[in-house]
Amino acid sequence: MYQIVQKEKLHEIIYSMWIEAPQVAQSVQPGQFIILMVKEKGERIPLTVADFDREKGLIRIVFQIVGKTTEELSTLEEGDRLFSFIGPLGRKSEIEHYGTVVTVGGGTGIACIHPISRALKEAGNKVISIIGARTKELIIMEEELREASSYLWITTDDGSYGRQGFVTQVLKELLEQDKTIKKVWSIGPAIMMRVTCETTRPYAVDTLVSLNSVMVDGTGMCGSCRVTMGGETKFVCTDGPEFDGQLVDWIEFMHRLSRYQEAEKRSWDLYHELNHPCTCGRRTN
Amino acid sequence: MAEMIPVKERTRREQVPMPEQDPRQRIHNFREVPLGYTREQAIYEAQRCLQCKRPKCKEGCPAEINIPQFIQKIVEEDFAAAYFEILKTDNLPAITGRVCPQEEQCQKYCILEKQKKPIAIGRLERFVADWARENDIHGELPAVTPQRQKVAVVGSGPAGLTCAADLAKLGYQVDLFEALHRAGGVLVYGIPEFRLPKTIVEYEIKEIERLGVKVITDFVVGATLSVDRLAQDYDAIFLANGAGAPHFMNIPGENLNEVYSANEFLTRSNLMKAYAFPEYDTPIKIGKKAATIGAGNVAMDSARTALRLGAEKSYIVYRRSRQEVPAREEEVHHAEEEGIIFHFLTLPIKILGDDQGKVVGMECLKMELGEPDESGRRRPIPIPGSNFSLEVDMVIDAIGTSANPIVARSATGVETNQWGYFVVEEETKATSRTGIFAGGDIIRGSATVISAVGDGKVAARAIEEFLSSGKSLRRR
């Protein structure tokens, strides 16, 4: 079980893997996530499902190296097996026929909006996708997104590809021009999701964000992932991961994301000392 | 064989105290606190047993162990026979021997309890189970007629393990589903190493697997597959998924960075072995002054774990008084020995944080006790204007858990009560849906390991009756 059947390096620090997990593939729906462990002494990390193939029993994950666990995961090769892989977790995206919708993806969030965009398009929506990254090489899954949506916009911070600027600039223009936009999905770094919500607020368009909290079990048992949503505490793992972005207490959310920063850095540094004396791939996002 | 001693001598003897790790030492390690009886201590203690004609102790044992019989075997120094006697009904003897509240059960009914020195039944049980494990003595596999029916057991805590083992002994094919990557439920994620070593839990689960039970980890029933879907493939289902959802106090500041649920804190430390970070990858944050809110066993476990992980001060903050503490006396005693500081009659009303989301203190109110409430305990009443601030930089909420709805919402026709617990018939543990049974914390809220074991036994018997009468959950 949990064999890596296909591995692809999308960028120096971004990888895609298809994992054999037939039962998860059988039940998964767009918007859900999985939790994996690289090895027995590893930690449990949540990753939103980037794609799935029910017939072949496969789940696709896309991740960026941001610490020890993701770096270790990136060193596994096709044929290797993960120690643990559970899912599908969380609630599925609410896919309906809304009319016109926009899906916004930043960084590895691009991978997360992929199955959601596709399902929305299949449900008969006009799906406008906006994907963005710092620079051209970090734009991933462009072809898949083009396929999954009706229109695709690409932005880069440095202008090396597509429009120069942020995803939210394109989003603002779209909201200005097209008053029929019913819903916006935004998945990416916390700051990007927060700015998306600020962008859509004046237009009163429903905006869903998918939160990537720190988790342990992922099934509602520990509460590590709790967030404040309109004054009420919610668990990302069982009440989410998608929430109405206008209700999220973003400051608290970002504080809680940094809870283990020091320990994570210590662990990563030690890993490098022991395994990998050079510093390639050791960039921060 | 040790000598049988006269009754007079038996009643004259005192209970053999349990050897324990020195508190000054043990607060720096995660090794077990009680060290276990030696062979001589076990025999000496076993000799005290009066071997009553109508033993009351048995009535107090949800695991239905023939207590006088196994104690007699210890006196006879036939420890293997003692082990086999226990194994007839209890599938987890090294575990129940450690974590059962014997003072509330078997030992409470012991005739010598009147003299305040009941037979130390739990310690003897532990001795026997440890002896068997150390000497590689295994229970004989029962001669069974293999049955063609299949049973799914959801959750691998004490209720699930017990039910699965009892059904396997009857010849049924049992698949035991566990959501986490390791089987054992609360025995592995909740109870700390210093109270229940994980190698012992692993060992007893292996013994249950020897009976033919198939343990399937990484399988979240309700997410990976629904109960309804399982019902198509199994003839009966036992739901024992526990009461895993943590409670919070719902006071301001509870989502600050250093506020943990006891579940998260203990899961990181026990299941993920954060105490061995960075050898293990899961981190845990420890403050200098840790406050644990609540005074049950889980609170004691949390406060004692915080101390071992390096907290300089570890507090228990409890709104009632010493008298109402729900934890086992032994746990409170161990906590006190280790230097845990108790703030009784204290109610936290706000956790104070800085602009980085860090905990810097906790505002509390002083309480006084009023008239007894519905639980029979005197109701704590806040003293107006008694606000004070406790200097802490970490808070652990250990105020209880409730039902996690994941399993229930995937089980059509299985009735739950207002708290989300499954409604069952007391004598059979049958739910409102024929062929589906439930037990453990998910029918009553968090209780003890042994009550879960008891439910597992009752359900296994009822499932046997259900299946042997030709019924099945599956449509044929």
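Every value quoted in this text rests on a predicted model; they were computed, and no experiment measured them. (Residues numbered from 1 in each chain as written. Chains lettered and ligands numbered in written order. Predicted model: local features only at pLDDT ≥ 70, side-chain atom pairs only at ≥ 80, totals over all residues. Heavy atoms only, no water.)

A. Representation of the interface of chain A and chain B in the model. Listed as interface residues are 47 residues of chain A and, on the opposing side, 44 residues of chain B. Here chain A meets chain B over a buried area of about 3,700 Å², counting both sides, of which 52% is carbon and sulfur. Taken together, the connections running from chain A to chain B amount to five salt bridges. The residue E279 of chain B makes a salt bridge to K41 of chain A at a minimum N-O spacing of 2.4 Å. The interface formed by chain A and chain B holds 27 residue pairs in polar contact (both at pLDDT 80 or more) in total. Looking at the side of chain A that touches chain B element by element, the count peaks at six residues for strand β7 (residues 84–89) of chain A. Its residues assigned to classes, the side of chain A that touches chain B shows 16 nonpolar, 17 polar and 14 charged. (Contact = heavy atoms within 4.5 Å. Buried area = accessible area lost by both parts, 1.4 Å probe. Salt bridge = Lys/Arg side-chain N within 4 Å of Asp/Glu carboxyl O. Polar contact = N/O pair within 3.5 Å; in protein donor to acceptor, adjacent residues only side chain to side chain. Helix = DSSP H or I, 4+ residues; strand = E, 2+ residues; numbered from the N terminus. Nonpolar A, V, L, I, M, F, W, Y, C, P; charged D, E, K, R; others polar.)

B. Inspection of the state of the cysteines at higher detail. In total, this model carries zero disulfides over all chains according to the counting rule given. Between C49 of chain B, a cysteine without a disulfide, and C52 of chain B, which holds the nearest cysteine sulfur, the sulfur-to-sulfur distance is 6.4 Å. (Disulfide = S-S within 2.5 Å.)

C. Summary view of the domain arrangement of chain A. All names here are of chain A. As assigned here, chain A comprises domain 1 (4–89) and domain 2 (100–210). Relative to domain 2, the C-alpha centre of domain 1 lies at a distance of 23 Å. Every contact between the two is made by 14 residues of domain 1 and, on the other side, 14 residues of domain 2. Seen at the junction of domain 1 and domain 2, the total is two salt bridges. We note a salt bridge from E144 to R60, for which the minimum N-O separation is 2.9 Å. Between the two partners, domain 1 and domain 2, sit three residue pairs in polar contact (both at pLDDT 80 or more). At the level of elements, β1 (4–11), β5 (51–53) and β6 (58–64) are the ones that each hand at least two residues to the side of domain 1 that touches domain 2. No other element matches the four residues that β6 contributes to the side of domain 1 that touches domain 2. The residue inventory of the side of domain 1 that touches domain 2, partitioned by class, reads eight nonpolar, four polar and two charged. (Domains from an automatic or database assignment.)

D. Local environment of helix α2 (residues 68–75) of chain A. All names here are of chain A. Of all eight residues making up α2, seven are buried, and the element is well covered by its neighbours. Within α2, the full set of buried residues consists of K68, T69, T70, E71, E72, L73 and S74. The inward-facing, buried residues of α2 abut β1, β2 (14–20), β3 (33–37), β4 (45–48), β6 and α9 (261–275). (Buried < 20%, exposed > 50% of the residue type's maximum accessible area, 1.4 Å probe, protein only.)

E. Structural view of the environment of I59 of chain A. Residue and element names in this part refer to chain A. Here I59 is to be found in strand β6. Along the sequence, I59 and I19 sit 40 residues apart, while their C-alpha atoms lie 5.2 Å from each other. Among all residues touching I59, those that are not within four sequence positions of it are M17, W18, I19, A21, V24, A25, V28, V49, D51, F52 and F85.

F. Summary view of the packing of helix α3 (residues 39–47) of chain B against helix α4 (residues 67–75) of chain B. All names here are of chain B. Between α3 and α4, whose axes approach to 8 Å, the crossing angle comes to 125 degrees. The orientation of α3 with respect to α4, classified from their angle, is oblique. Both α3 and α4 take part in a crossing whose hand is left-handed. Across the interface between the two elements, A42, I43, A46 and Q47 from α3 touch I71, I74 and V75 from α4. (Axes fitted to C-alpha atoms, helices over the stretch in contact; angles between N-to-C directions. Parallel < 35°, antiparallel > 145°, perpendicular 65-115°, else oblique. Left-handed = near helix turned anticlockwise from the far one by under 90°.)

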